[in-house]
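Descriptive analysis of the structure
Listed below, chain by chain, are the residues.
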Amino acid sequence: MSGGGIALGRAAGVTDTGRQRLRNEDAFVCEPPLFAVADGMGGARAGEVAARLAATALEESSDEVRGPDGIAALITEANRRIWEQSLADPQMAGMGTTVTAALVDERTGTVAIGHVGDSRAYLVRDGALTQLTTDHSLVAELVESGLLTPAEAERHPQRSAITRALGTEPTVEVDALEVEGRPGDLFLLCSDGLPIMVGDAEVLAIVEGAGRAPAEAAEALVAAANARGGHDNVTVVLFELVAAASRGDAESSAMPGRPEPEIAAEAENELEPEPEPRAEPAPAPAQPVPAEPRRHGAGPGGRVAALAVIAGTLGLAALVLYWSIAR
Ligand code: CA
C-alpha cells in the first residue's frame, strides 16, 4: 500500500491528423489521475463526435471512481451516451470509437486500465516495452488463433478492422486490468496511428532517447509516425510514476511544462466539409487502409496489343514506301 508508494509524476498528450487524413477523429484525455485515448469512426463527422463523447464522459467522472471496476463503469457510461446519441441523430447512426483509459490510484499504488478496440496501453519498465492491452481487432484474433503471425498481422490489409467498439451496441464488454505501479514506470496510451507506423522497438528507442520525459517523448513519437508516412491520425498520452516521497519535486518541476488538460480536437483541419467516402460503419468498421503498391503498367495482354500496333505501323509504312517507289 503506502510503504514506499508511488505518485503521479509528469504527464503529456499529443494528437495529430497525420499526413493522409483530412480530419482528426482521435481525442485524448490528460486529466491526472485519469488518462485516455479514443479513436472515432463513422461517416461525416460521426467519428469525431463519438471520440469526443467518450472523452467527455471520462472527464466528467467523479473522484470516487477507482480501480478496474470503476474504469469499466466509466467506459460503460460512455458507451451508453454514444449509443443514445447515435439513435437520436440519423447522421450519427453507427458511429463508434475505441477507448483505452488509465486511472492512477496513489493510495493503492495501482494503475487501472480499461479498454475497448485497437488503441493500446503500453508500459515502459526496466528498459522494456510491454503491451498491456489486447487489440479487439480482426488480425489480433487471427494471431490468437494461430492463423497469422504477428509480423503478418502488421502488414495485413484488414489490420484496422476492429471487432469491438464503443457506442455501436447498447452494451459493451470492457477489458479491465490493474497494474501494480513502480517508481520509474512510464505508461503510454496510443491510437493505432502509432503502432501501424512505428514498431515497438523503435517506440522504446524514441522514449528512451527522449530521456523518458513524457512531453518530449510524445512529440517525438508523433513526429516518427508522420516521418514514416503518417497514414492515420496519431495520438499518444504518456504519464510517469515516481516514488511517493519525491512527489513534491516531480510536481513542481512538472507543472510549468504540463499542458492544460484538454480533450484534443484539432481545429486546423477544418479545411472543407469534404464528403467522406467512408462507408456506413459495419459491425467491424474498417478504416481505409493504404493500398499495397500496385503495378499500373500494361500487363502481358497490353504488351501484345502494343506489339501488334507497332508491327501494323511498320507494315503500313513499308506498303506506302513500296507504292511511292513503284510509281
Ligand atoms: Ca486510427
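Predicted model, so just to flag it, every value in this text is computed and none were measured. (Residues numbered from 1 in each chain as written. Predicted model: local features only at pLDDT ≥ 70, side-chain atom pairs only at ≥ 80, totals over all residues. Heavy atoms only, no water.)

Focus: the nonpolar core
Applicable threshold: Take the buried residues of types Ala, Val, Leu, Ile, Met, Phe, Trp, Tyr and Cys, join any two whose side-chain atoms come within 4.5 Å, and each joined set is a nonpolar core. Type-normalised accessible area, obtained with a 1.4 Å probe on protein chains alone, sets the label of each residue: buried when under 20%, exposed when over 50%, and partly exposed for intermediate values. Starting at the N terminus, helices and strands are each numbered in turn, a helix being any DSSP run of H or I of at least four residues and a strand any DSSP run of E of at least two. Note on definitions: a residue-residue contact is assigned when non-hydrogen atoms from the two residues lie within 4.5 Å.
By size, the foremost hydrophobic cluster in this structure holds 28 residues, and its most contacted members are Leu58, Ile75, Val116 and Leu166. Mapped by element, the contributors of at least two residues to this core are β2 (26–31), β3 (34–41), α1 (46–59), α2 (67–88) and β5 (99–105). The dominant element in this core, judged by the number of residues it contributes, is α1, at seven residues. Those residues in contact with Ile75 that lie beyond four places of it in its chain are Leu58, Val99, Ala101, Gly114, His115, Val116, Leu166 and Val174. Ranked by size, the runner-up nonpolar core spans 24 residues in total, among them Met197, Val198, Ile206 and Leu221.

Quick notes on the confidence of the model for the chain
Test applied: A residue's pLDDT is the predictor's confidence in that residue, given on a scale from 0 to 100.
On average, residues of the chain score 83 in pLDDT, and 74% of them are at 70 or above. Low confidence marks residues 250–304, where pLDDT is under 50. Its contacts with residues over four positions away, or in another chain, come to 78 contacts.

A closer look at the sheet that holds strand β10 (residues 186–190)
Here is the rule we go by: We treat two strands as partners when DSSP finds at least two bridges between them. With axes taken as lines fitted to C-alpha atoms, and helix axes fitted only over the stretch in contact, angles between N-to-C directions fall between 0 and 180 degrees.
Spatial ordering of the open sheet is given by β1-β11-β10-β7-β8, a layout of five strands whose pairing is antiparallel. Lying at the two open borders of the sheet, with one neighbouring strand each, are β1 (6–16) and β8 (128–131). Pairs of neighbouring strands in the sheet enclose a mean axial angle of 20°, with direction left out of account. The pairing of strand β7 (residues 120–125) with β8 spans four bridges and is classified as antiparallel. Of the residues in β8, the one forming a bridge with Val124 is Leu129. Of the strands in this sheet, β1, β10 and β11 (234–243) are in contact with helix α6 (residues 214–227), which crosses β11 at around 155°.

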